[in-house]
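The residues making up each chain are set out below.
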Amino acid sequence: MRLDKFLSETNTLSRKDAKAAIKSGLITVNGIPATDSSVNISEEIDEIRYKNRIIPYLKNITYALNKPAGYVCSLNEADGIPVHNLLPPELRKRLNPIGRLDKNTTGLLLFTDDGDLAHSLLSPKNHVEKTYLVNTLKPVTDEDKNRLKDGVNLGDGEVSLPAKIMSGKDDFEIILTICEGKYHQVKRMMQATCNKVTALKRISFGGLTLENMKLNEGEGKILSEAELSELRLKGSK
Ligand code: URA
């Protein structure tokens, strides 16, 4: 990345002020005064200093949590225990959830400080897939499955987009993949088939699965570069 971009991205100096600071010899790259604001530096390797103080480079962080039931995706304690409480303390202020899960929904919830990534994963245009393990009050019949596959009326005129369905361990369980994220979407889809969700767990989001990430309930981790690339790919369609 260009030195002036680095200085502005880290909120050290505007590009214009960076030029002036470089002219005055106030910026060093690995101990050597920089002479050109357009020089390419490696933000992860090179040590950049302004007035002799190291400028740390904050990389974006995206975090995956296996959300337990009972936590809310809201910072308002009146709604319940904020799911943010389960993040490492140093990340709590920094990260926002990518979409929401209901209080009693468990499973994969992503957080990020990368606004572009969040936007691309949530944009209805990108059809990012989310898969849920759905347990129901009544058996899900083949006819229900076909209706869910085709799209059901969610009430107030909204119709769900075609979904993918796989059978679960018995007739009271299905594995449902949807590529949109409307409010209470899965619950409303099951309601449209005159059924009721008794337990809901998100097992995958944008190609990332809880199984591959080996996260137990309540556990979380920062995504690896490979996992991030997978997500970015899914968000760029
Ligand atoms: N659909 C729902 O109804 N609830 C969730 O938490 C997620 C998807």
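Summarised in this report is the structure supplied together with it. (Residues numbered from 1 in each chain as written. Predicted model: local features only at pLDDT ≥ 70, side-chain atom pairs only at ≥ 80, totals over all residues. Heavy atoms only, no water.)

## Re the site of the ligand
And then number 1: The immediate surroundings of the ligand are formed by Leu 101, Asp 102, Thr 105, Tyr 132, His 184, Gln 185, Val 186, Lys 187 and Leu 200.
And then number 2: In this structure, an oxygen atom belonging to the ligand sits 3.3 Å away from a main-chain N or O atom of His 184.
And then number 3: Within the backbone of Lys 187, one N or O atom sits 3.1 Å away from an oxygen atom of the ligand.
And then number 4: In isolation the ligand exposes 240 Å². Once the protein is present, 95% of that is buried.
And then number 5: Under a 2 Å grid-point criterion requiring more than half of the atoms, the pocket assigned to the ligand is the largest pocket.
And then number 6: Considering every element that reaches the shell around the ligand, the biggest residue donor is helix H5 (residues 185-192), with 3 residues.
And then number 7: Class assignment of the residues belonging to the shell around the ligand gives a composition of 4 nonpolar, 3 polar and 2 charged.
And then number 8: Taken domain by domain, the makeup of the shell around the ligand includes at least three residues from each of domain 2 (62-123 + 210-235) and domain 3 (129-205). (Near = heavy atom within 4 Å. Polar contact = N/O pair within 3.5 Å; in protein donor to acceptor, adjacent residues only side chain to side chain. Areas by Shrake-Rupley, 256 points an atom, 1.4 Å probe, with all protein chains shown as cover. 1 Å grid on protein atoms, 1.4 Å probe; cavity = no way out; pocket = protein on both sides within 12 Å on 5 of 7 lines; lining within 4 Å. Sits in = over half its atoms within 2 Å of the grid points. Helix = DSSP H or I, 4+ residues; strand = E, 2+ residues; numbered from the N terminus. Nonpolar A, V, L, I, M, F, W, Y, C, P; charged D, E, K, R; others polar. Domains from an automatic or database assignment.)

## So, the layout of surface pockets
And then number 1: Of the pockets and cavities examined, the largest pocket occupies roughly 600 Å³.
And then number 2: Every residue lining the largest pocket is counted, 32 residues in all, and those nearest its centre are Arg 100, Leu 101, Gly 181, Lys 182 and His 184.
And then number 3: Of all the secondary-structure elements, those providing two or more residues to the lining of the largest pocket are helix H3 (115-122), strand E10 (130-136), H5 and strand E13 (197-205).
And then number 4: Among the residues making up the lining of the largest pocket, the classes are represented as 15 nonpolar, 8 polar and 9 charged. (Points joined across faces, edges and corners; volume = space filled by probe spheres on them.)

## Thoughts on the sheet that holds strand E1 (residues 27-29)
And then number 1: With respect to topology, 4 strands assemble into an open sheet ordered E2-E1-E3-E4, the strand pairing being antiparallel. Pairing within the sheet leaves two strands with one partner each, and these edge strands are strand E2 (32-33) and strand E4 (53-54).
And then number 2: Bridging between E1 and E2 involves 2 bridges; their strand directions are antiparallel. If you follow Val 29 over to E2, its bridge partner there is Ile 32. (Pairing = 2+ DSSP bridges.)

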